[in-house]
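Here is what each chain is made of, one letter per residue.
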Amino acid sequence: MTNTTGKINLLGLTQPEMEKFFESIGEKRFRAGQVMKWIHHFGVDDFAAMSNVGKALREKLEASAEIRSPEVVSENISADGTRKWVVRVASGSCVETVYIPQNGRGTLCVSSQAGCALDCSFCSTGKQGFNSDLTSAEIIGQVWIANKSFGSVPAKIDRAITNVVMMGMGEPLLNFDNVVSAMQIMMDDLGYGISKRKVTLSTSGVVPMIDKLAEVIDVSLALSLHAPNDELRNQLVPINKKYPLEVLLAACKRYISKLGEKRVLTIEYTLLKGVNDQPEHAEQMIALLADVPCKINLIPFNPFPFSGYERPSNNAIRRFQDLLHKAGHNVTVRTTRGDDIDAACGQLVGQVMDRTRRSERYIAVRQLGSEAQEPAAAVNRN
């Protein structure tokens, strides 16, 4: 929460943390609410602009605190209205935030890590390697930046951002404390007042953290499934080797059962041509989810360089959807949005200062593979 100047960044503090901060500088707890409104409702990052805060306190805040969001490197707007921000975080890496307007909703896809420690084979973020966890200020700062860009300050009922998903770069449950703090601010009336039903955490399946999550917050949960059996999921989502499907789905059911209110698990399933899009995969998925209260979101693969995967045909996508529908599942196919600005699902890469050297190895292997194919192609042409 502090930087090299020793000042505490108030942007990432929850209401209880903000109250403790004010007590620590000899001020009343109610000041927390005043300052949180200025930060999140009005988008203010200058203490001097806080007109209902006395001069002496403003000077005290200037000396000990700051309101610092990540640096905006670029903002791009797609032809379909999707927006993408690239922001630089303290580690020096850049992460991406995406806003998707659709059917009266405005969904903000927020990153939790610079890169990702989980190397899912079809995700471009994972191929960038991993650098660092984002702080709570860097996570909520993405919401703060997007909110200001839409002119949604001062706060008003007709908001541009209606939903937030922790589904950008990174595995949220591997940055547990900072992600939970940021989501608490999203839902706090002194923050962004977003309904718990409209704040969603998406995970690849870190089972112990799913159970821990249920103890501290009641946001919606999405599971990045992507395969209907352990053998295939081990290849596509390597964390499955540690937490196989039976264990993972049991944890998800425990989480959903604690929410009550007829809430269900969202299943995210990226369709890969010839890999997991066949009728037998749909039948396996139907059996797997037979006793899981869920809705299914099918995501046609969005290509990126050297991925080795392709998008299925529209007929294959419809066939897969129809099989799930006939089994009684609520199934939607996610429309590809923002691909002209590389903002589509699975395409977020940012600029990760990779500590793992995974991206370097990945590109080298893919380039070797393409070079090996070129002589064979030449022989075939001759």
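Counting restarts for each chain, with residues numbered from 1 along the sequence as it is written. Restriction of local features to residues with pLDDT of at least 70 applies here, the model being predicted, together with a cutoff of 80 or more for giving and counting side-chain atom pairs; totals for whole chains, interfaces and linings are based on all residues. For the side-chain quantities, the full set of heavy atoms in the structure was used; hydrogens and water were omitted.

A. A look at the UniProt feature "binding site: S-adenosyl-L-methionine" (unreviewed entry) in the chain. Under the UniProt annotation, the feature "binding site: S-adenosyl-L-methionine" (unreviewed entry) is placed at Gly170, Glu171, Ser202, Ser224, Leu225, His226 and Asn302. Relative to the helices and strands, Gly170 resides in the loop between strand 9 (163-166) and helix 5 (176-187). For Ser224, the location among the structural elements is in strand 11 (residues 220-224). A contact between two residues is defined here by any heavy atoms of the two lying within 4.5 Å. Those residues within four positions of Ser224 in sequence are excluded, and the remaining contacts are Ser202, Thr203, Ser204, Arg233 and Glu268. UniProt positions are given in the numbering used here, feature names are shortened, and annotations may be inferred rather than shown by experiment. Secondary structure follows DSSP: runs of H or I at least 4 residues long count as helices, runs of E at least 2 residues long count as strands, and numbering of each begins at the N terminus.

B. Spotlight on the pattern of salt bridges. Salt bridge, as applied in this entry: a Lys or Arg side-chain nitrogen positioned within 4 Å of an Asp or Glu carboxyl oxygen. The full count for this structure, using the stated rule, is twelve salt bridges. Here Arg68 makes a salt bridge to Glu66, at a shortest N to O gap of 2.8 Å.

C. The packing of aromatic side chains, seen in detail. Only rings of Phe, Tyr and Trp enter the pairing, Trp through its six-membered ring, and a pair is recorded when the two centres are within 6.5 Å. The plane angle decides the type: under 30 degrees is stacked, over 60 is edge-to-face, the rest tilted. Under the defined criterion, the tally for this structure stands at six aromatic pairs. Centre to centre, the rings of Phe21 and Phe22 are 5.2 Å apart; their planes meet at 75 degrees, and the pair counts as edge-to-face. With respect to burial, Phe21 and Phe22 carry one shared label: buried. When the centroid spacing of 5.4 Å and the interplanar angle of 25 degrees are considered together, the rings of Tyr269 and Phe320 count as stacked. Pair noted here: Tyr269 is in strand 12 (residues 265-271) and Phe320 is in helix 10 (residues 314-326), with a separation of 51 residues, a long-range link. The class of Tyr269 is buried, set by a relative accessible area of 0%. Throughout this description, buried means an accessible area under 20% of the type-specific maximum (1.4 Å probe, protein chains only), exposed means over 50%, and partly exposed covers the range between. Classification of Phe320 by relative accessible area gives buried; the value is 0%.

D. Expanded view of the environment of Ala117. Here Ala117 is to be found in the loop between strand 7 (113-115) and strand 8 (130-133). In sequence terms Ala117 and Leu174 are 57 residues apart; their C-alpha atoms lie 8.5 Å from each other.

E. Quick peek at the sheet that holds strand 10 (residues 199-203). Spatial strand order, 3-4-5-6-9-10-11-12-13-14: ten strands in an open sheet with mixed pairing. Two strands in the sheet have a free side with no partner beyond their single neighbour: strand 3 (71-77) and strand 14 (331-333). On average, adjacent strands in this sheet sit at an angle of 20 degrees to one another, irrespective of strand direction. Direction of pairing for strand 4 (residues 83-88) relative to strand 5 (residues 94-102): antiparallel, over a ladder of six bridges. Residue pairing for strand 5: Lys84 is matched across the bridge by Val98. Only strands that DSSP links by at least two bridges are regarded as paired with each other. The axes are straight lines fitted to the C-alpha atoms, using for helices just the contacting stretch, and the angles between their N-to-C directions are given from 0 to 180°.

F. Main features of the pairing of strand 6 (residues 105-109). Most of strand 6 is tucked away: four of the five residues are buried. Note that strand 5 and strand 6 share five bridges and pair antiparallel. Directly across from Tyr99, in strand 6, lies its bridge partner Leu108. Counting the residues in the hairpin turn of strand 5 and strand 6 gives two residues, including Asn103, whose phi is positive at 55 degrees.

G. Structural view of the nonpolar core. Counting residues in hydrophobic clusters, the biggest one holds 103 residues, and the most contacted among them are Leu10, Met183, Met186 and Leu213. All domain edges in this entry derive from an automatic or database-based domain assignment. A domain-level breakdown of this core finds at least three residues from each of domain 1 (8-66) and domain 2 (71-363). Those residues within four positions of Met183 in sequence are excluded, and the remaining contacts are Met166, Val199, Leu201, Leu213, Ile217 and Val219. In this structure, Val98, Cys109, Val165 and Ala222 belong to the second largest nonpolar core, which totals five residues. Side-chain atoms within 4.5 Å are what join buried Ala, Val, Leu, Ile, Met, Phe, Trp, Tyr and Cys residues into a set we call a nonpolar core.

H. Quick look at the environment of Leu213. Within the element layout of this structure, Leu213 appears in helix 6 (residues 207-216). Each residue touching Leu213, except ones within four places of it in the same chain, is listed here: Leu173, Phe176, Val180, Met183, Leu201, Leu221 and Tyr255.

I. Looking closely at the packing of helix 9 (residues 279-288) against helix 10. Interaxial distance between helix 9 and helix 10 falls to 9 Å at its minimum, and their mutual angle equals 30 degrees. Taken together, the axes of helix 9 and helix 10 are roughly parallel relative to one another. Note on packing geometry: the crossing formed by helix 9 with helix 10 is right-handed. Judged by residue contacts, Pro279, His281, Ala282, Glu283, Met285 and Ile286 of helix 9 engage Arg319, Phe320, Leu323 and Leu324 from helix 10. Residue polarity is assigned by list, with Asp, Glu, Lys and Arg as charged and Ala, Val, Leu, Ile, Met, Phe, Trp, Tyr, Cys and Pro as nonpolar; anything else, Gly included, falls into the polar class. When grouped by side-chain class, the residues that make up the contact of helix 9 with helix 10 number seven nonpolar, one polar and two charged. Here roughly perpendicular refers to angles of 65 to 115 degrees, roughly parallel to angles under 35, roughly antiparallel to angles over 145, and oblique to all remaining angles. By definition, any crossing whose near helix is turned counterclockwise from its far helix by less than a right angle is left-handed, and any crossing with a clockwise turn is right-handed.

J. Spotlight on the packing of helix 6 against helix 8 (residues 245-259). Contact geometry of helix 6 with helix 8 gives a least axis separation of 9 Å together with a crossing angle of 5 degrees. With respect to helix 8, the element helix 6 is oriented roughly parallel. Across from Val207, Ile210, Asp211, Leu213 and Ala214 in helix 6, the residues of helix 8 making contact are Val247, Leu248, Ala251, Cys252, Arg254, Tyr255 and Lys258. A class-by-class count of the residues in the contact of helix 6 with helix 8 yields nine nonpolar, no polar and three charged.

K. Broad picture of the side chain of Asn163. On the secondary structure map, Asn163 appears in strand 9. Given the relative accessible area of 14%, Asn163 is considered buried. For Asn163, the contacting residues outside a window of four places in its chain are Arg105, Gly106, Thr107, Leu108 and Lys198.

L. Representation of a negative patch on the surface in the model. A patch consists of residues exposed above 30% relative accessible area that lack any salt bridge, with like charges linked at up to 9 Å and nonpolar side chains (Val, Leu, Ile, Met, Phe, Trp, Tyr) linked at up to 5 Å. All accessible-area figures derive from a Shrake-Rupley calculation using a 1.4 Å probe, and residue coverage is judged against the displayed protein chains alone. Neither His nor the chain termini are counted; the positive set is Lys and Arg, and the negative set is Asp and Glu. The location of each charge is read from NZ of Lys, CZ of Arg, CG of Asp or CD of Glu. A contiguous patch of negative charge on the surface is contributed by Asp45, Asp46, Glu59 and Glu62. Tracing the backbone shows Asp45 in the loop between helix 2 (31-41) and helix 3 (55-64). Its relative accessible area of 41% is what places Asp45 among the partly exposed residues.

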